[in-house]
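Understanding the architecture of this molecule
So the chains spell out like this:
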Amino acid sequence: MSILIKPIITEKATGDSELNNRFSFVVNSKANKIEIKNAVEAAYGVSVEKVRTINVRPDRKTRYTKSGMITGKTKAYKKALVQVTEGETIDLYSNL
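Residue positions are given per chain, counted from 1 along the sequence in the order it is written. Whole-chain, interface and lining totals are the exception, using all residues; otherwise, since this is a predicted model, local features are given only for residues with pLDDT of at least 70 and side-chain atom pairs are given and counted only at 80 or more. Side-chain descriptors were evaluated using all non-hydrogen atoms of the structure, hydrogens and water having been removed beforehand.

1. Description of helix α2 (residues 33–44)
Keep this limit in mind: Secondary structure elements are taken from DSSP: a helix is a run of H or I of four residues or more, a strand is a run of E of two residues or more, and numbering for both begins at the N terminus. Take the residue count of a helix, subtract one, and multiply by 1.5 Å to get its expected span. Categorising residues by exposure relies on relative accessible area from a 1.4 Å probe, with only protein chains included: less than 20% of the type maximum marks a residue as buried, more than 50% marks it as exposed, and the intermediate range marks it as partly exposed. Our arc is simply the arc of the directions from the helix axis toward the C-beta atoms. By the criterion applied in these results, polar contacts are pairs of N or O atoms within 3.5 Å in which, for protein atoms, one can donate a hydrogen and the other can accept it, and in which residues neighboring in sequence qualify only through two side-chain atoms.
A rise of 1.5 Å per residue sets the reference length of α2, with its 12 residues, at 16 Å; its end C-alpha atoms lie 16 Å apart and thus fit the reference within 8%. Those residues of α2 that fall on the buried side of the exposure criterion are Ile36, Ala39 and Val40. The buried residues of α2 occupy one face: seen down the axis, they fall within an arc of 100°. For α2, the exposed residues set more than 90 degrees away from the buried face come down to Ile34 and Ala42. A distance of 3.3 Å separates the backbone nitrogen of Ile34 from a side-chain oxygen at the start of α2, and that oxygen is part of Asn32. Backbone geometry just after α2 places Gly45 at a positive phi near 70°.

If you want it as structure tokens, here you go:
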């Protein structure tokens, strides 16, 4: 079971990592905070102070088309905000 799925690289997450040394990841929905902490420390070689998790709900959309009403939704996922010890950083762009 892979715990870390992918890092979140958005404008808000990048600003948060630069200012507060806090990084965002999409993680397995069954993973807990201790497993996420151990996975980040093993993958990136940094020490983690705090882990906060968020269950992101799916977004629902409805469109009115020529063939009728179409509904759809995005996937739900779990997001982890990882606070790294001051002075350490994670280079997310070297693994691309």
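2. Here we look at the side chain of Ser24
The criterion, for reference: Should any heavy atoms of two residues lie within 4.5 Å, those residues are considered in contact.
One can find Ser24 in strand β2 (residues 22–27). Using a relative accessible area of 8% as the deciding quantity, one classes Ser24 as buried. Look past the residues within four positions of Ser24 in its chain and what remains in contact with it is Pro7, Ile8, Ala13, Ala80 and Leu81.

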